[in-house]
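Descriptive analysis of the structure
Chain residues, written in single-letter form:
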Amino acid sequence: MSHLARAVVAAGLTAAANASSLADVCTISNIQAALPANGTLLGINLIPSAVTASAVYNASTGMAGMGGASSGITYSYCNVTITYTHTGKNDEVVVKYAFPQPSDFKKRFYVAGGGKSDDFTLSASSADNCQVVSPFRAPQHAFDYSYDEVALAGDGSINWDATYMFSYQALGEMTKVGKYITEGFYGMNNTKIYTYYEGCSDGGREGMSQVQRFGDEYDGAITGAPAFRFAQQQVNHVYPATVEHTMDYYPPPCALAKIVNATIAACDPLDGRTDGVISRTDLCKLHFNLTSLIGESYYCAAETSSSLGFGFSKRQAEGSQTSTTPAQNGTITAQDVAVAQAVYDGLHSSKGERAYLSWQIGSELSDADPTYNTNTSSWELNIPSTGGEYVTKFVQLLNIDNLSDLDGVTYDTLVDWMTVGMVRYLDSLQTTYPDLTTFKETGGKLIHYHGESDPSVPAASSVHYWQSVRSVMYGHLSHEDAQKELQDWYQFYLIPGAAHCGTNSLQPGPYPENNMNIMIDWVENGNKPSRLNATVSSGDYEGETQMLCQWPSRPLWHGNSTFDCVHDKASIDSWTYTFPAFKTVVY
């Protein structure tokens, strides 16, 4: 997960805007005139004297937009910084906007979630010549740090302002202020601005936070692999290491990789086509036994690797690890399989009560990779800081970047950590409020997707949220009727073989590349999708277009060129979880 969000805006021409040049509108006075008067947006007071504005000409996109457009596009924009404070607080929030030149304005406000707080890279998407916005609550220096660095005011003291801003407030305020300024900047005179959100990982969680809490601000949202249910999700990263610590066995990473690759090879044909992709991990879970891999040989060359710090950001936190592993060769043992099976089975309490779901069989087991001790020539405990730092800072409230050990830690301890985090951050970091009525009734459309073989945020996490929305909003209807109601505004897709927010080097499967085009067509033209367009980017079927099945239907290939979207109760049941280890509902 990344630590903050950036956003992008694109909008549409008016006669006044078309008559103006970038130089005409990109002035401090024009921005100041476009600011909402204090009291207009409740709790937000703009600081006009802090406004900056500068024109940037012929900029090049530094990356492809999440909507799927290629990089290398050039365009001009107005680089704007605005500052506001919250009523009654001695704080400052700095937000960066990049307004496209008037001739490129498409009447769309595009919010791209998931960027770092200091990331101001312009991103071109199918929304065309977008406006990047980066919000951050900055009592001292804006854009210089990420949320985990300021989560605690001090040991034992939570920085609640930063927590709520990171959780949902910063993006919502940024959108409200930005839409208001956009109208004035282009002289729109109350013309409709279509507002879109797009993000993956923590950007996906941020998107869910917006449709849950600011539903009437967005016309369309695209959320990928949301890292919500923070308490369970982050502690879950510690679970594989706890399995190994409990078993007192640390399998060579090469053995785990062999288990994954052999599972992919064995389960690949179950979906009806042998293409290197497990399109039906549910069938693999139901019909494949990992014990059949015992005795298979493996070999891996020596390598050096790094793991990122909390939140999957590019920032190498103190809790990150860089390690060197020797060449490995051997055969898969019963102990290797026992570790892998326990991880895929998911966390249970000592009473056998399920506490959380887990990664789909065939997903990489990277959180289970131990560390090699060159002094003892042995594999030892490795605690991923993605989970360890959450425990130390957010549960134990200690300003420490990772757990030092798992001494005395049991599966029940993990359940306790999850419970503390869930209760403490229920209204902030969990981000699983299932009643999306406001978003739905104001016309919002949601495309939610998740890589089926995601090794970081389990795909079943998204399935569980979709099921929660269905049960809360349509619990009085049959599953079939609820699905019909949902598909009119909330569509969920599993991406066969895909990893975390991208393609999977182990499985050459499809990945959606034009989600924003689909969303715009749905919102603005009323063309509701029934499947999701995805393209295979590598392997024998490179370039193939696959129209992915909308959940809960699942793909079943016939030959090598076509597949049906089928309903398989046993498969769907394998994705369905309850969590009796907790005494409260886990949405």
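Residues numbered from 1 in each chain as written. Predicted model: local features only at pLDDT ≥ 70, side-chain atom pairs only at ≥ 80, totals over all residues. Heavy atoms only, no water.

1. Comments concerning the sheet that holds strand β24 (residues 545-548)
- Pairing is antiparallel across the open sheet formed by 3 strands, whose spatial order is β22-β23-β24. Of all the strands in the sheet, just β22 (510-512) and β24 have a single pairing partner and so form its edges. With direction set aside, neighbouring strand axes in the sheet form an average angle of 40 degrees. (Pairing = 2+ DSSP bridges. Helix = DSSP H or I, 4+ residues; strand = E, 2+ residues; numbered from the N terminus. Axes fitted to C-alpha atoms, helices over the stretch in contact; angles between N-to-C directions.)

2. What about the state of the cysteines?
- Scanning all chains against the criterion turns up 5 disulfides.
- Note that Cys200 is cross-linked by a disulfide to Cys501, the S-S spacing being 2.0 Å. Because the torsion about its S-S bond is -95 degrees, the bridge between Cys200 and Cys501 counts as left-handed. Within this pair, whereas Cys200 is found in strand β12 (residues 194-200), its partner Cys501 is found in the loop between β21 (490-495) and β22, the two being separated by 301 residues in sequence.
- Classification of Cys501 as partly exposed rests on a relative accessible area of 28%. (Disulfide = S-S within 2.5 Å. Buried < 20%, exposed > 50% of the residue type's maximum accessible area, 1.4 Å probe, protein only.)

3. Focus: the side chain of His86
- For His86, the position within the fold is in strand β5 (residues 74-86).
- Of note is the side chain of His86, whose polar atom sits 2.7 Å from the side chain of Asp91.
- A distance of 2.9 Å separates polar atoms of two side chains, one belonging to His86 and the other to Glu173.
- In this view, His86 contacts Gly43, Asp91, Val93, Met165, Gln169 and Glu173; residues no more than four positions away in its chain are not counted. (Polar contact = N/O pair within 3.5 Å; in protein donor to acceptor, adjacent residues only side chain to side chain. Contact = heavy atoms within 4.5 Å.)

4. A few points about the pairing of strand β23 (residues 532-536)
- Judged by how many residues are buried, β23 sits mostly within the fold: 4 of 5 residues are covered.
- In this structure, β22 lies alongside β23, joined through 3 bridges in antiparallel fashion. Bridge pairing in β23 links Pro510 to Val536.
- Direction of pairing for β23 relative to β24: antiparallel, over a ladder of 4 bridges. The residue bridging Thr535 from the neighbouring strand is Thr545, located in β24.

5. Some thoughts on the pattern of salt bridges
- Applying the stated rule across the entire model yields 17 salt bridges.
- Between Lys89 and Asp161 there is a salt bridge; the shortest N-O distance is 2.7 Å. One end of the pair, Lys89, is in the loop between β5 and β6 (93-100); the other, Asp161, is in helix α5 (residues 160-185), with 72 residues separating them in the sequence.
- Here Glu480 makes a salt bridge to Lys484, at a shortest N to O gap of 3.7 Å. Remark: Lys484 and Glu480 occur in helix α16 (residues 479-486); sequence separation between them is 4 residues, near one turn of the helix. (Salt bridge = Lys/Arg side-chain N within 4 Å of Asp/Glu carboxyl O.)

6. Let's talk about the sheet that holds strand β20 (residues 445-451)
- The sheet built from 5 strands is open, its strands ordered β7-β12-β13-β20-β21 with parallel pairing. Sheet topology places β7 (108-112) and β21 at the edges, where each strand pairs with a single neighbour. The mean inter-strand angle of the sheet, taken between neighbouring strand axes irrespective of direction, is 10 degrees.
- Sheet topology note: the strand β13 (residues 220-224)/β20 ladder contains 5 bridges and is parallel. Bridge assignment links Ile222 to a residue of β20, and that residue is Ile447.
- In this fold helix α17 (residues 515-525) packs onto β7, β12, β13, β20 and β21, with an angle of close to 150 degrees to the strand it touches most, β12.

7. So, empty space enclosed by the protein
- For the structure on display, the rule yields 4 cavities of 30 Å³ or more.
- Its volume calculated, the largest cavity comes out at about 80 Å³.
- Residue classes in the lining of the largest cavity are distributed as 7 nonpolar, 5 polar and 3 charged.
- Put simply, the second largest cavity is a space of about 60 Å³. (1 Å grid on protein atoms, 1.4 Å probe; cavity = no way out; pocket = protein on both sides within 12 Å on 5 of 7 lines; lining within 4 Å. Points joined across faces, edges and corners; volume = space filled by probe spheres on them. Nonpolar A, V, L, I, M, F, W, Y, C, P; charged D, E, K, R; others polar.)

8. Some remarks on α16
- Within α16 the residues assigned to the buried category are Ala482, Gln483 and Leu486. Projected down its long axis, α16 shows its buried positions confined to an angular sector of 100 degrees, all on one face. (Arc of directions from axis to C-beta.)

9. Comments concerning helix α6 (residues 202-213)
- Between its first and last C-alpha, α6 extends 16 Å over 12 residues, near the 16 Å set by a 1.5 Å rise per residue.
- Taking burial as the measure, the 12 residues of α6 include 11 buried ones, the bulk of the element. (Expected span 1.5 Å × (residues − 1).)

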